[in-house]
Structures are given as C-alpha cells and as structure tokens.
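Listed below, chain by chain, are the residues.
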Amino acid sequence: MNELLKFLVKYSSWFLFALYVTASCVLLFSGNPFQHHVYLTSANVASSAVYRTANSVTSYFSLRDINEDLQRRNSDLELEIYRLKEIIRTHNQKVYADTMTVDSALARYHFIIADVINNSINHSHNYITIEKGRLDGIEPEMGVMDQNGIVGIVNVVGDHTARLISVLNPYLRLSCKVKGAAQVGSLVWDGKDPGEAILEELPKHARFVKGDTVVTSGYSSVFPEGVPIGTILSGQRDREDNFYTLRVKLFTDFSTLSTVRVIRDNMKTELQTVEKELEIKDEF
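Every value quoted in this text rests on a predicted model; they were computed, and no experiment measured them.

Rules used in this analysis
Residues numbered from 1 in each chain as written. Predicted model: local features only at pLDDT ≥ 70, side-chain atom pairs only at ≥ 80, totals over all residues. Heavy atoms only, no water. Salt bridge = Lys/Arg side-chain N within 4 Å of Asp/Glu carboxyl O. Helix = DSSP H or I, 4+ residues; strand = E, 2+ residues; numbered from the N terminus. Pairing = 2+ DSSP bridges. Axes fitted to C-alpha atoms, helices over the stretch in contact; angles between N-to-C directions. Polar contact = N/O pair within 3.5 Å; in protein donor to acceptor, adjacent residues only side chain to side chain. Contact = heavy atoms within 4.5 Å. Core = buried A, V, L, I, M, F, W, Y, C linked by side-chain atoms within 4.5 Å. Buried < 20%, exposed > 50% of the residue type's maximum accessible area, 1.4 Å probe, protein only. Phe/Tyr/Trp six-rings, centres within 6.5 Å; stacked < 30°, edge-to-face > 60°. Lys NZ or Arg CZ within 6 Å of the ring centre and 35° of its normal.

> I would appreciate a short explanation of the pattern of salt bridges in the present structure.
Close approach of charged atoms allows side chains with opposite charge to pair. Going through the model one piece at a time under the given rule, you end up with six salt bridges. Between Asp190 and Arg247 there is a salt bridge, with its nearest N and O atoms 2.6 Å apart. Placement of the pair is Asp190 in the loop between strand S7 (184-188) and strand S8 (196-203) and Arg247 in strand S11 (residues 243-250), with a sequence separation of 57 residues. Sharing partners across several salt bridges, the network here consists of Asp190, Glu196 and Arg247.

Structure (structure tokens):
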C-alpha cells in the first residue's frame, strides 16, 4: 500500500496533466461542431481498422472448419456425379443390347454387356479388364466380342470384374477360317501391329483373295461359327510345310475399346457332358 501511495505521489503531476488533457479534449470535441465531426470520423476509421483486423484473425482461425465443410460438399457432389454416371452407363448398355442385331446362327447364345475399365495394346502380352464378374454370370473361357469382331477370352473372374486375354496376346490362339471356305487355321498375334494378326497353318489347297473376310471356325465352345475377325491383307506359302500364312487386318479397334459382349453358350454344359461321356466310352 505504501509503495502504491509513493507511486501516485511521485507521478501525481503526470496524472494531473492527463486529466487536464482529457477534460480539454472532451470540452473541445463536445462544444465545437467541426472538431466533433473530425473526432467521430477519426473514431470510425480507427474502429473500422480494428474490426477488420479482428475479422481477419477470426476468419483465419475458421479456415479449417470452412475447408472441412467444402471437402464434405465436394465428396457429396462427387458421389452424386458417380451415381448419375452409373445411371447413364446402365441406360447406354440397355440401348446397346436392345439395338444389337443377332445372327440366327447365334440363337443359342446369350450376350452379357460389359464396359471395359482397363485395356493395354502396347505390351508384348496384353490383357483387358471388364466391370462384370462372377455375380453377373461371367465364367472363365467365355468368348468376348464387340460390335465389330472378336476381342478375347475370359481368363480370370472375380465377383464384380473379370480379366480377358486379349487377341493382342501371343498366348491366345483362335481357330479361324476364310469365310465361305472349310479349311481351318490358327489366328495369333505376332506382337507387331495392334491392328493386325497372323492366320497360320492354313492348308495349301485353301482358296482366298485379298480382302476376303476371316471368321471363327466354330470348332470350340468359346466362339460360335462365323464371328467376324478381319480381312486378308496378304498371304504367303511356307515352302517347307506347304501351309499358308495370312496377314489379317482386324475389325476390332483395340485403341478405342469401350463396350463388349461376353458370349454365354446356353448349350455349353450339355456339350461338355456329352463330350465327357464320349471320352469315357473311347477309353473302353
């Protein structure tokens, strides 16, 4: 308490000076209109600056909450966009299936429409992934085609997706023939041009001309007979084996592959059962 009294006595002149200045300012600004106006204007400017500073500080600390809210809104919008895309995709698949013309020779077959979600054409061994799987009726060793021609064969199947061995893969060999002829050869990709393949082992007595259509032979349960593959670009005979080797321009453009048809053979189980019984009888 004594220290406080000493402090007040020591600086009493300064306190008295401040009191006089304050009283003078009050009398000056309250009694004179011009000075009062200047005071109010200056006070408003100062208070505005203080408010702006305070608002900036408050807004800075609120940025995290605002950002989290924006992230939630963006997530909701992305989910809505994905839902709309799914509706459009389903509609397009239905239109694609409804407008698809089916040859009478394919009456025993059923098509499962699927979208391509991954596709490679530049590797030495290319594969394709589709967004349909086991739960959609996809099984291994099902043939796959698009509106132009063959695409590949189902290799690995998951619940919702499946992987195909592409025609652009040397592991895949297809039994094919020239349309209108009976001689059969094997189609294989030579790893060069993704728009071309090789038809090998075509017997020497086969007849063909440049531009003839190459189709599947039907000698397997994977592809029915007559599925288009491509057209003949050129051919040459192997002098040693007396077989023709044809270069074929593929109908399917693998660089723009988007929607495909997976072929389900409704008689596959019956054929497998009959063939198995025949194999058993042959053993005896």
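Next comes the rest of the account.
> Would you explain the sheet that holds strand S5 (residues 162-166) in this entry?
Strand pairing in a sheet takes place through backbone hydrogen bonds and is either antiparallel or parallel in direction. Spatially, the six strands close up into a barrel ordered S1-S2-S5-S4-S3-S12, and their pairing is antiparallel. Averaged over all adjacent pairs, the angle separating strand axes in this sheet is 45°, with direction ignored. By the bridge criterion, two bridges tie strand S3 (residues 143-145) to strand S12 (residues 259-265) in an arrangement that is antiparallel. Within S12, the residue paired with Met145 across the bridge is Arg261.

> Help me understand the sheet that holds strand S9 (residues 213-216) in this model?
Read once around its circumference, the closed barrel built from six strands follows the order S6-S7-S8-S11-S10-S9, with strand pairing classed as antiparallel. The average angle at which neighbouring strand axes cross in this sheet is 40°, direction not considered.

> Just to check I follow, could you spell out the side chain of Asn126 for this structure?
The topology assignment puts Asn126 in the loop between strand S1 (109-119) and strand S2 (127-130). A polar side-chain atom of Asn126 sits 3.1 Å from a polar atom in the side chain of Ser120. Only 2.9 Å separates the side chain of Asn126 from the backbone oxygen of His123, close enough to count as a polar contact. Contact partners of Asn126, with chain neighbours within four places excluded, come to Ser120, Ile121, Ile165, Ser166, Leu168, Asn169 and Trp189.

> Sorry if this is basic, but what is going on with the nonpolar core here?
In summary, soluble globular proteins display a tendency toward joint burial of nonpolar side chains. Formed by 47 residues in total, the largest nonpolar core has its most connected members in Ile130, Val154, Leu174 and Leu187. The residues contacting Ile130, other than those within four sequence positions of it, are Ala114, Asp115, Val116, Ile117, His160, Thr161, Ala162, Leu164, Val260 and Val262.

> Sorry if this is basic, but what is going on with the pairing of strand S10 (residues 228-237) here?
Consecutive side chains along a regular strand alternate between the two faces of the sheet. Sheet analysis places S9 next to S10, joined by three bridges and oriented antiparallel. By the bridge assignment, Thr213 is partnered in S10 with Thr231.

> Please clarify how the environment of Ala182 should be interpreted in this entry.
The residue Ala182 is located in the loop between strand S6 (174-178) and S7 in this model. C-alpha separation for the pair Ala182 and Arg207, spaced 25 residues apart in sequence, amounts to 9.8 Å.

> I tried to follow unusual backbone geometry on my own but got confused; where do I start?
Excluding glycine, residues mostly carry a negative phi; peptide bonds, for their part, are mostly trans. With a phi angle near 70°, Glu141 is a residue other than glycine that sits in the positive phi range. By the secondary structure assignment, Glu141 is in the loop between S2 and S3.

> Where do I start with the packing of aromatic side chains in this structure?
When we look at a pair of aromatic rings, we describe it by the centre distance and by the angle of the planes. Within this structure, the stated rule accounts for one aromatic pair. Summarising the aromatic geometry, the rings of Phe208 and Tyr244 are spaced 4.9 Å apart at their centres and angled 90° between planes, so their arrangement reads as edge-to-face. Placement of Phe208 in the loop between S8 and S9 and of Tyr244 in strand S11 is noted, with a sequence separation of 36 residues between them. Residue classification places Phe208 among the partly exposed residues on the basis of a relative accessible area of 23%. We note Arg163 situated over the ring of Tyr127; from NZ or CZ to the ring centre the distance is 4.1 Å. A cation over an aromatic ring shows up here: Arg261 above the ring of Phe111, its NZ or CZ 5.8 Å from the ring centre.

> Even after reading the chapter, I still don't get the environment of Leu199, so can you show me in this structure?
Looking at the element boundaries, Leu199 is found in strand S8. Each C-alpha atom, one on Leu199 and one on Val248, is 6.8 Å from the other, the two residues being 49 residues apart in sequence. Leaving out residues up to four positions away in the same chain, Leu199 has contacts with Cys176, Gly185, Ser186, Leu187, Val214, Tyr244, Thr245, Leu246 and Val248.

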